[in-house]
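Below are the chains, spelled out letter by letter.
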Amino acid sequence: MKDFYEHIFQKQQAVQDMPSNKQIAQWAVALMHLLFPERNSHTYHEQADVEAAFQVSEAELYQLLLKTKACAECDVKKVAATFFEKLPRNYQIMLTDAQAILDGDPAAKSLNEVIRTYPGFLAICIYRIAHELLIQGIPLIPRILTEYAHSKTGIDIHPGARIDEYLHIDHGTGVVIGETCIIGKHVKLYQGVTLGALSVDKSLSNTQRHPIIEDHVIIYAGATILGGETVVGHHSVIGGNVWLTASVAPYTTVYHQPNSKFIDSKPLA
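Since we're looking at a predicted model, the values are computed, not measured. (Residues numbered from 1 in each chain as written. Predicted model: local features only at pLDDT ≥ 70, side-chain atom pairs only at ≥ 80, totals over all residues. Heavy atoms only, no water.)

Q: In this structure, what is going on with a nonpolar patch on the surface? I would like to understand it.
A: On the surface, Met 1, Phe 4, Tyr 5 and Ile 8 cluster together to form a nonpolar patch covering roughly 460 Å² of accessible area. You can see Ile 8 is positioned in helix α1 (residues 2-15). (Patch = residues over 30% accessible without salt bridge, like charges linked within 9 Å, V, L, I, M, F, W, Y side chains within 5 Å. Areas by Shrake-Rupley, 256 points an atom, 1.4 Å probe, with all protein chains shown as cover. Salt bridge = Lys/Arg side-chain N within 4 Å of Asp/Glu carboxyl O. Helix = DSSP H or I, 4+ residues; strand = E, 2+ residues; numbered from the N terminus.)

Q: How do you make sense of helix α3 (residues 47-66) when you look at a structure like this?
A: One turn of the α-helix equals 3.6 residues, which is why residues spaced by three or four share an orientation. With 20 residues, α3 should cover 28 Å at 1.5 Å per step; its first-to-last C-alpha distance of 29 Å lies within 8% of that length. Within the sequence span of α3, burial applies to Ala 53, Ser 57, Leu 61, Leu 64 and Leu 65. End-on view of α3: buried residues confined to an arc of 115°, all on one side of the axis. Exposed and facing more than 90 degrees away from the buried side of α3 are Ala 48 and Gln 55. Buried positions along α3 lie against α2 (21-35), α4 (76-85), α7 (119-135) and α8 (141-153). (Expected span 1.5 Å × (residues − 1). Buried < 20%, exposed > 50% of the residue type's maximum accessible area, 1.4 Å probe, protein only. Arc of directions from axis to C-beta. Contact = heavy atoms within 4.5 Å.)

Q: Can you walk me through the environment of Val 187 in this structure?
A: Along the chain, Val 187 turns up in the loop between β5 (182-183) and β6 (188-189). Between the C-alpha atom of Val 187 and that of Asn 241, which follows or precedes it by 54 residues, the distance is 18 Å. Residues within four places of Val 187 in sequence aside, it is in contact with Tyr 166, Leu 167, His 168, Ile 213, Glu 214, His 216 and Val 217.

Q: Please explain the sheet that holds strand β8 (residues 212-213) as it appears in this structure.
A: Across a sheet, paired strands are connected by hydrogen bonds in the backbone, their directions being either parallel or antiparallel. Pairing is parallel in the open sheet, where 4 strands are placed in the order β2-β5-β8-β11. Each end of this open sheet is capped by a strand with a single partner; those strands are β2 (162-163) and β11 (231-232). Across 2 bridges, β8 lies against β11 in parallel orientation. Across the sheet, Ile 212 pairs through a bridge with Val 231, a residue of β11. (Pairing = 2+ DSSP bridges.)

Q: When you look at the pattern of salt bridges in this model, what are you seeing that I'm missing?
A: Should the charged atoms of two oppositely charged side chains come close, the side chains can pair. Scanning the entire structure with this criterion turns up 7 salt bridges. The partner of Asp 264 in a salt bridge is Lys 266, with the nearest N and O atoms 2.8 Å apart. For the pair Asp 264 and Lys 266, a shared accessibility class is recorded, and that class is exposed.

Q: Please clarify how the packing of aromatic side chains should be interpreted in this entry.
A: Ring pairs (aromatic) are described by centroid distance and by the angle formed between their planes. Per the stated rule, a full pass over the model turns up 6 aromatic pairs. Measuring from ring centre to ring centre gives 5.2 Å for Phe 36 and Phe 121, while their planes differ by 80°; the resulting arrangement is edge-to-face. Highlighted residues: Phe 36 in the loop between α2 and α3 and Phe 121 in helix α7, separated in sequence by 85 residues. A relative accessible area of 1% places Phe 36 in the buried class. Their ring planes at 15° and their centres at 4.8 Å tell us that Tyr 190 and Tyr 220 sit as a pair that is stacked. Here Tyr 220 lies in the loop between β9 (218-219) and β10 (224-226) and Tyr 190 lies in the loop between β6 and β7 (194-196), a separation of 30 residues in the sequence. (Phe/Tyr/Trp six-rings, centres within 6.5 Å; stacked < 30°, edge-to-face > 60°.)

Q: Would you mind showing me how to read α4 here?
A: Residues Val 76, Val 79, Ala 80, Phe 83 and Phe 84 constitute the buried set of α4. Seen from one end, α4 has its buried residues packed into an arc of 125°, which puts them on one side. Exposed side of α4, more than 90 degrees from the buried face: Lys 77, Lys 78 and Glu 85 are the residues found there. In this structure, the buried residues of α4 make contact with α2, α3, α5 (87-104) and α7.

This is how it looks when you write it as structure tokens:
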């Protein structure tokens, strides 16, 4: 047992200065509260206070990056500065996601409701924060962020996926979007949708393994679309429970034909 205890102790020493997953998630949540005060009871009364809050958030990101040992070769000060320079553009994209949900869900009454309560909006925003860090070469932290959103919403979006504007994830529980997935504009995904990979060798990890979803596509609940060579053409509709491993031309509807039986169950007289 002494060897076992020594092994665990050495591991503890190796990670003692790293930020915890909780700290990383708290930074992202605080940033969302700053961007979307609808999600937070705290408000600022002077513009200077808002500017100062963003400066604090940038400093916190810098400290998180500085303490992430896997990022020893990164210029973390430049990464943090670039992230916040690009934040206004990413914020505008997040607003398009909120608008897509409002426009596409008859149950949504206002942008305030979408921003404050919809799990799809939370998962997409966290993904967009994580993706921005990932494309700047930051390891580990982006995946920690999207796994936090996964744990809160049931929506699993890999930070490496490339997702354009106006994404609508309706209900969302069980949605999976893989690392190399490419999603165009105005795409709507229902619960249980999987945009995944066919089983491939580990050596192919840097290839296109997940499907491409073009603009204005609707994918209904439980559909599974697999493979890096699978392209769903624009303005297509993929029905519920469809299993798809081949490309679909634009303006195509694909549906699963159930073998349902209807039995008269009225009680006998």
